[in-house]
Amino acid sequence: AYVLRAQITCDRGDAATAQGHLNRALGLLARNPDAGLSGNIAEVSGRIAELDEQWADAGEAFDREAAAMQQAGRSSEMAQALERAGANYLMANRVDAAADRFYRSARSWMAQGFYLDALRVIEQAAQLEPGDQADDETMLAIASLFEEIRSSLETQTRAANGNPAE
């Protein structure tokens, strides 16, 4: 209940009250370790950091959320957390970290069969310029994944329209 209260107060833009609820949730986690709860707590921590415009801290919190959600077997939430981490690292001007998180999020969405989500995320990474502190190897991997997602979507579209291959 404390995590939900913290999420609601984040929605209202009240970081201080959300932090109070988060502290209570951390007490529950200490007594009852659970990967899903840990991920939810990390997500709220990231949202509080966003409200305080602490972009790098938010990115790190969303990284913790992604790791916990992976451990909990909650792949969709892991992919969302990686995307949020990427967006916050970009705001913190940590472009290489942002590109990595966008790539990992898109790869996860694709593995789950959510190609449109994968495309939406990888497009964010594809807009980065190599001179923006993202290394060439990362940018090549992003371009390759972009093409792989695009090709998969074209194949699915053709199959849905009754044209299996061209």
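Residues numbered from 1 in each chain as written. Predicted model: local features only at pLDDT ≥ 70, side-chain atom pairs only at ≥ 80, totals over all residues. Heavy atoms only, no water.

Looking at this structure, how should I read a negative patch on the surface?
Residues D96, D135, D136 and E137 make up a contiguous surface patch of negative charge. Looking at the element boundaries, E137 is found in helix α8 (residues 136-160). (Patch = residues over 30% accessible without salt bridge, like charges linked within 9 Å, V, L, I, M, F, W, Y side chains within 5 Å. Areas by Shrake-Rupley, 256 points an atom, 1.4 Å probe, with all protein chains shown as cover. Salt bridge = Lys/Arg side-chain N within 4 Å of Asp/Glu carboxyl O. Lys, Arg positive; Asp, Glu negative; His and termini not counted. Charge placed at Lys NZ, Arg CZ, Asp CG, Glu CD. Helix = DSSP H or I, 4+ residues; strand = E, 2+ residues; numbered from the N terminus.)

For this particular structure, what's the right way to read the pattern of salt bridges?
In the structure shown here, the tally under the stated rule is 12 salt bridges. Linking E83 and R120 is a salt bridge whose minimum nitrogen-to-oxygen distance equals 2.5 Å. Pair noted here: E83 is in helix α5 (residues 75-91) and R120 is in helix α7 (residues 115-126), with a separation of 37 residues, a long-range link. R120 sits in the partly exposed class, given a relative accessible area of 35%. Through salt bridges that share partners, D63, D100, R101 and R104 make up one connected network. (Buried < 20%, exposed > 50% of the residue type's maximum accessible area, 1.4 Å probe, protein only.)

Which parts of the structure should I look at to understand the nonpolar core?
A general tendency of soluble globular proteins is for nonpolar side chains to be buried together. By size, the foremost hydrophobic cluster in this structure holds 26 residues, and its most contacted members are A106, M110, A118, I122, I142, L145 and I149. Secondary structure elements with two or more residues in this core: α4 (55-71), α5, α6 (95-111), α7 and α8. Per-element tally for this core: the top contributor is α6, with eight residues. For L145, the residues in contact, after removing those within four places along its chain, are Y103, A106, R107, M110 and I122. (Core = buried A, V, L, I, M, F, W, Y, C linked by side-chain atoms within 4.5 Å. Contact = heavy atoms within 4.5 Å.)

In this structure, what is going on with helix α2 (residues 15-31)? I would like to understand it.
Each full turn of the α-helix corresponds to 3.6 residues, which orients residues three or four apart in the same direction. In this model, α2 (17 residues) spans 25 Å end to end at C-alpha, consistent with the 24 Å of a helix rising 1.5 Å per residue. Taken residue by residue, α2 has A15, A18, H21, L22, A25 and L29 as its buried positions. Projected onto a plane normal to the axis of α2, the buried residues spread over an arc of 120° and lie on a single side. Along α2, exposed side chains directed more than 90 degrees from the buried face belong to A16, A30 and R31. Elements that come into contact with the buried residues of α2 comprise α1 (2-11) and α3 (35-51). (Expected span 1.5 Å × (residues − 1). Arc of directions from axis to C-beta.)

What is the right way to read the packing of α7 against α8 from this model?
The relative placement of two packed helices is expressed as an angle between their axes plus a distance between the axes. Remark: α7 packs on α8, axes separated minimally by 10 Å, with the N-to-C direction vectors making an angle of 150°. By the angle class used here, α7 and α8 are roughly antiparallel. Like other packed secondary-structure pairs, α7 and α8 cross with a definite hand, here left-handed. Taking contact as the criterion, the partners of Y115, L116, A118, L119, I122, E123, A125 and A126 in α7 are, on α8, M139, I142, L145, F146, I149, S152, L153 and Q156. Of the residues contributing to the contact of α7 with α8, the split by class is 13 nonpolar, two polar and one charged. (Axes fitted to C-alpha atoms, helices over the stretch in contact; angles between N-to-C directions. Parallel < 35°, antiparallel > 145°, perpendicular 65-115°, else oblique. Left-handed = near helix turned anticlockwise from the far one by under 90°. Nonpolar A, V, L, I, M, F, W, Y, C, P; charged D, E, K, R; others polar.)

Explain the environment of Q124 to me, please; I cannot follow it from the model alone.
Its place among the elements puts Q124 in helix α7. Note on Q124: relative accessible area 27%, which makes it partly exposed. Along the primary structure Q124 and A159 are separated by 35 residues, whereas in three dimensions their C-alpha atoms are 27 Å apart. The contacts of Q124, once residues within four sequence positions are left out, are E83 and F102.

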